[in-house]
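Close look at the chain arrangement
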Amino acid sequence: MAASRKLKYGTNPHQKTAHLLMNHGDFPFKVVNGEPGYINMLDALNAWQLVRELRASLGKPAAASFKHVSPAGAAIGRPLTVLDKRALLLPADVEPNPLSSALLRARGADPVSSFGDFIALSDVVDAQTASLLVKEVSDGIIAPGYEPEAAAILSAKRKGSYLMLQIDPEYNPPQAERRELFGITFEQERNDARVTPETLGEAVTQNKAIPEEAAEDAVVALIALKYTQSNSIAFAWEGQAIGIGAGQQSRIHCTRIAAEKAETWLLRRHPVFAGAEFLPDLSRTAKYNAIDMCIRFDSLTDPEKAMLAENFTGPVPTVTPEQRRGWMREHSGIVYASDAFIPFRDNLDRAAATGARYVVQPGGSARDAEVIAAADEYQMAMFFTGLRLFTH
């Protein structure tokens, strides 16, 4: 018997009639709190698949922050350094557990974009993780379960309306997937290609070495791309995606967007921001927004600069072009990944400026030789996976 569930509304509020349907059996999730909407469920189910695959491939707790059916951030639970904590505006004495670390990394990749996101966690939510999430502006969460204290903390969020979904971790969908567009039903084989460190194979460049942690970063990047609207590019470092460029018609535009986000992530860790004198009681969101504006200070208009100054009791901290270049030179070992082949070397030229050392892509372009030569110029190790990861 088919199962049906009414949603708040469709993609937009004027699309008042919206449902979820299951042709066989019951839904593989239950609503613990709140009322789901159409976009909520698209984000939740895509984000859940991402973190489940990361958990299965790397054996570590994973988190994803989704907005508009693409990840703003994705991460595994590596420990946070003192520098990480400072950039995440956390007290130095906070010691997150692996699941909490994954959450903080995923939401901290691009906190401006994660505002009002949907969270997915690979493991049962504990009280520490819930206590960290409850402070963030987020629309909902999907996870395989909630400890009682964690459920109590999160169910009080957003005046009791915070959406909480509990997914059956053993559920696997049918092999054939369908969608309807303009009255026409499409059907295809589900993309169940598994991404692991072995997916990388052997490098096609002169430099063939990749450390174990960078190989993990490559898996994080590739699995994030698998659930990002294409075309898409991801930069990954320290167990997390630090810059994702999604849904552009040109790959170089994806690269530029992802590189700018990755550089912002890196520059938020610059020492100039360590002593920032924010107004008392300024929210974490406002602090993140202010630091992002400080990083882009030279491109701001005079009214924007005046508005920015209102966030600080002291001078507005900024980074000079020389400081920016020096800080970027201190960072290398970053993974640069593409969901489809890289057609021109200009993508590598831009990626190299953001510290990319390892490149992961399917290969198969008519200009592969040109792209490999560019990677060799930058002493990058580049891997052809033979696996395209488009999402549409």
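Residues numbered from 1 in each chain as written. Predicted model: local features only at pLDDT ≥ 70, side-chain atom pairs only at ≥ 80, totals over all residues. Heavy atoms only, no water.

**Observations regarding the overall build of the protein**
Summing up its helical and strand segments, the protein has 13 helices and 15 strands in all. Its C-alpha atoms give the protein a radius of gyration of 21 Å, within 12% of the compact-globule value 21 Å for 392 residues. If one aligns the C-alpha atoms of the protein with their principal axes, the spans along those axes are about 65 × 55 × 40 Å. Expressed as a percentage of its 392 residues, the buried residues of the protein come to 52%. (Helix = DSSP H or I, 4+ residues; strand = E, 2+ residues; numbered from the N terminus. Rg over C-alpha atoms; globule rule 2.2 N^0.38 Å. Buried < 20%, exposed > 50% of the residue type's maximum accessible area, 1.4 Å probe, protein only.)

**Here's the deal with the pairing of strand β9 (residues 176-181)**
Direction of pairing for β9 relative to strand β10 (residues 184-189): antiparallel, over a ladder of 6 bridges. Note that in β10 the partner of R179 across the bridge is F186. Linking β9 to β10, which pair antiparallel, is a turn of 2 residues; within it F182 sits at a positive phi near 55°. (Pairing = 2+ DSSP bridges.)

**Some points on the nonpolar core**
Grouped together as the largest cluster of nonpolar side chains are 51 residues, with contacts concentrated most on L50, L54, I142, L165 and V335. Sort the elements by how many residues they give to this core and helix α7 (residues 212-226) lands first, with 10 residues. With residues up to four places along the chain from it excluded, the contact list for V335 reads A214, D217, A218, A221, A234, F235, A236, Y358 and V360. (Core = buried A, V, L, I, M, F, W, Y, C linked by side-chain atoms within 4.5 Å. Contact = heavy atoms within 4.5 Å.)

**A closer look at the packing of helix α8 (residues 251-267) against helix α11 (residues 321-329)**
Orientation of α8 relative to α11, taken along the N-to-C sense of each, is 95°, at an axis distance of 10 Å. In terms of orientation, α8 lies roughly perpendicular with respect to α11. Residue-level contacts link E263, L266 and L267 of α8 to R324, W327 and M328 of α11. Class assignment of the residues belonging to the contact of α8 with α11 gives a composition of 4 nonpolar, no polar and 2 charged. (Axes fitted to C-alpha atoms, helices over the stretch in contact; angles between N-to-C directions. Parallel < 35°, antiparallel > 145°, perpendicular 65-115°, else oblique. Nonpolar A, V, L, I, M, F, W, Y, C, P; charged D, E, K, R; others polar.)

**Description of the packing of aromatic side chains**
A full pass over the atoms with the stated rule returns 4 aromatic pairs. With centroids separated by 5.2 Å and ring planes inclined at 55°, the aromatic side chains of F235 and Y336 adopt a geometry described as tilted. With a gap of 101 residues between them, F235 in strand β11 (residues 232-237) and Y336 in strand β13 (residues 334-338) connect regions that are remote in the sequence. Judged on exposure class, the residue F235 and its partner Y336 are both buried. Geometrically, the ring pair formed by W237 and W265 is edge-to-face, given 6.0 Å between the ring centres and 85° between the ring planes. (Phe/Tyr/Trp six-rings, centres within 6.5 Å; stacked < 30°, edge-to-face > 60°.)

**Brief notes about the pattern of salt bridges**
Counting across every chain of the model gives 21 salt bridges. Between E53 and K226 there is a salt bridge; the shortest N-O distance is 3.0 Å. Of this pair, E53 sits in helix α1 (residues 38-58) while K226 sits in helix α7, placing them 173 residues apart in sequence. The shortest N-O distance in the salt bridge between R105 and E238 comes to 3.8 Å. Note that R105 is positioned in helix α3 (residues 98-108) and E238 in the loop between β11 and β12 (240-246), a separation of 133 residues in sequence. (Salt bridge = Lys/Arg side-chain N within 4 Å of Asp/Glu carboxyl O.)

Take it as geometry only, folks, not as evidence of what the structure does.
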